Every structure is written in C-alpha cells, then in structure tokens.
Amino acid sequence: LDPGKMKVYLMQSVIEARNKKPEAAAAALEEGIKANPKATALYVARARLAEELKQLDQAEVFLKKAEEISPEEPGLQDALARLYIMKNEWDKAEKALRRRMALQPDKDEPAAALARFFAARGNFEDGLKVLKDFSDKHPDNVQAKFSLANFYLAHRKFGPGERLLQSIAAQDPTGPNGLRA
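Definitions and limits used
Residues numbered from 1 in each chain as written. Predicted model: local features only at pLDDT ≥ 70, side-chain atom pairs only at ≥ 80, totals over all residues. Heavy atoms only, no water. Core = buried A, V, L, I, M, F, W, Y, C linked by side-chain atoms within 4.5 Å. Buried < 20%, exposed > 50% of the residue type's maximum accessible area, 1.4 Å probe, protein only. Contact = heavy atoms within 4.5 Å. Helix = DSSP H or I, 4+ residues; strand = E, 2+ residues; numbered from the N terminus. Expected span 1.5 Å × (residues − 1). Arc of directions from axis to C-beta. Phe/Tyr/Trp six-rings, centres within 6.5 Å; stacked < 30°, edge-to-face > 60°. Lys NZ or Arg CZ within 6 Å of the ring centre and 35° of its normal. Polar contact = N/O pair within 3.5 Å; in protein donor to acceptor, adjacent residues only side chain to side chain. Salt bridge = Lys/Arg side-chain N within 4 Å of Asp/Glu carboxyl O.

Chemist: What is the right way to look at the nonpolar core in this model?
Modeler: The nonpolar side chains of soluble globular proteins are, as a tendency, buried together. Leu 42, Leu 63, Leu 131 and Phe 151 are the most contacted members of the largest nonpolar core, which totals 49 residues. Setting aside residues up to four positions removed in sequence, Leu 131 forms contacts with Ala 111, Ala 112, Ala 115, Ser 147, Leu 148 and Phe 151.

Here it is, written out as structure tokens:
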C-alpha cells in the first residue's frame, strides 16, 4: 500500500465532488480501490459518497468490505453507526457504537457518542448510564467528567452538571481544566 497514491485518489475524489461530479468522484475512488485494495480509507470515502447519493445499500457494501480488511478500525465503526442511523437500523447502530467503545476503552469520545445516540432516541437515562459508567471506570479522566457535565447541561439537568463543573474547577483551580470548568 502506497499511502501517497491513496491520498491522490482521495484528493481527486474530493475535487470531483466539489465540482458537482459525483460519478467522477466515485470513479476516482474505485480506481484507487483497484490500485490499493487494502486501503480502508478509500472504501470508507466511497461509502460516504454513496451515502450522499442516497445509495445506502451500496454504502453498506463498501463499509463491510473495509471491515473485512480492518475490523479493528474505530473510525470504521463510526461510519457504520452513521450509516445504520441513516437506514433507521437502530440495533446495528448501537452495536457499532459499542464496538467502537470496546476498541477504544480508555477514550471518552466513544462513550459520549453512544450517550448522544441514546439521548437522540429519547433515552436520556441509558445515555447517562454510559457516561457515568465510563467516568467511574476512569476517575482521573477529566474529559470524561466534562462529557458527563455537558450531557447533563445539554439535557437541562443544570444542578448535576454545575456540580460536576465545580468539582473539576476545585481539583485544579488555576490549571487549564479548572479554568475551562
């Protein structure tokens, strides 16, 4: 795999898409896939283009091929979740988001993404549980506390959100996290 060549195909597809030539953008990506059959980024980009063209089943084919090549790619799970949300396949979307959490167990963003998914589906409590569990497992992760506080605040639960921000500020009153809180 030549990363330089892969970027050329990606850039060519971006240029074609910006020029409102989706067929040419698709052709550039497909040519790139033929030249670099293990380049998951090309499959993901081709899937994204298919999504934009409302070709959701075709997008899924490209994402599944990328998953065969690189099943441990966290960004791929995001792409799958986005696709399944577009297709109203909620169980599959949740599974992809949970898979991303498993692939990145120490990062807060996958937990925050799953929490936002639950909240968007009207299930605040499940979203809150995801963030609380993550925060409890990672008590020194200040960003996890910020994510939890922001989740509370975004859902008009001002008391708990404010208390979390105050506790962050109290831990480091003059440091960047304390000032940010």
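Chemist: Looking at this structure, how should I read helix α2 (residues 22-35)?
Modeler: An α-helical turn contains 3.6 residues, so any two residues separated by three or four positions project in the same direction. For α2, built from 14 residues, the straight-helix expectation of 20 Å at 1.5 Å per residue is met to within 8% by its first-to-last C-alpha distance of 20 Å. Within the sequence span of α2, burial applies to Ala 25, Ala 26, Ala 28, Leu 29, Gly 32 and Ile 33. Seen end-on, α2 carries its buried residues on one side only, within an arc spanning 160°. Away from its buried face, by an angle of more than 90 degrees, α2 presents the exposed residues Glu 23 and Lys 34.

Chemist: I keep staring at the packing of aromatic side chains and nothing clicks. Help me out?
Modeler: Both the distance between ring centres and the angle between the ring planes are used here to describe each pair of aromatic rings. Counted according to the given criterion, the structure contains three aromatic pairs. Summarising the aromatic geometry, the rings of Trp 90 and Phe 117 are spaced 6.4 Å apart at their centres and angled 45° between planes, so their arrangement reads as tilted. Highlighted residues: Trp 90 in helix α6 (residues 90-103) and Phe 117 in helix α7 (residues 108-120), separated in sequence by 27 residues. A residue is classified by how much of its surface remains accessible, and Phe 117, at 7% relative accessible area, is buried. With a centroid separation of 5.2 Å and an interplanar angle of 10°, the aromatic rings of Phe 124 and Phe 151 are classed as stacked. One end of the pair, Phe 124, is in helix α8 (residues 124-137); the other, Phe 151, is in helix α9 (residues 142-154), and 27 residues separate them in sequence. Assessed through its relative accessible area of 5%, Phe 151 is described here as buried. Put simply, the rings of Trp 90, Phe 117 and Phe 118 touch in pairs and so form one group of aromatic residues. Across from the ring centre of Phe 124, 5.3 Å away, lies the NZ or CZ of Lys 157, which sits over that ring.

Chemist: Sorry, what's going on with α9 here?
Modeler: In this model, α9 (13 residues) spans 18 Å end to end at C-alpha, consistent with the 18 Å of a helix rising 1.5 Å per residue. The set of residues buried in α9 consists of Val 142, Ala 144, Lys 145, Phe 146, Ser 147, Leu 148, Ala 149, Phe 151 and Tyr 152. Turning to α9, the residues buried within the fold contact α7, α8, α10 (158-171) and α11 (176-180). Of the residues flanking the start of α9, the one acting as N-cap is Asn 141, its side-chain oxygen 3.0 Å from the backbone nitrogen of Gln 143. Downstream of α9 by one or two residues, Arg 156 has phi in the positive range, about 60°.

Chemist: I keep staring at unusual backbone geometry and nothing clicks. Help me out?
Modeler: Most peptide bonds adopt trans geometry, and most residues besides glycine take a negative phi value. Look at Asn 88: it is not a glycine, yet its phi comes out positive at around 60°. Looking at the secondary structure, you find Asn 88 in the loop between α5 (74-86) and α6. Given a relative accessible area of 52%, Asn 88 falls into the exposed group.

Chemist: What's the story with the pattern of salt bridges in this structure? I'm lost.
Modeler: Any two side chains of opposite charge can pair if their charged atoms end up close together. Counted under the stated rule, the structure contains 14 salt bridges. The shortest N-O distance in the salt bridge between Arg 48 and Glu 51 comes to 4.0 Å. Here Arg 48 and its partner Glu 51 are both found in helix α3 (residues 40-52), three residues apart, which amounts to about one turn of the helix. Residue Arg 48 is classed as partly exposed on the basis of its relative accessible area of 36%. Several salt bridges converge on common partners, so that one network encompasses Asp 57, Glu 60, Lys 87, Glu 89 and Lys 92.

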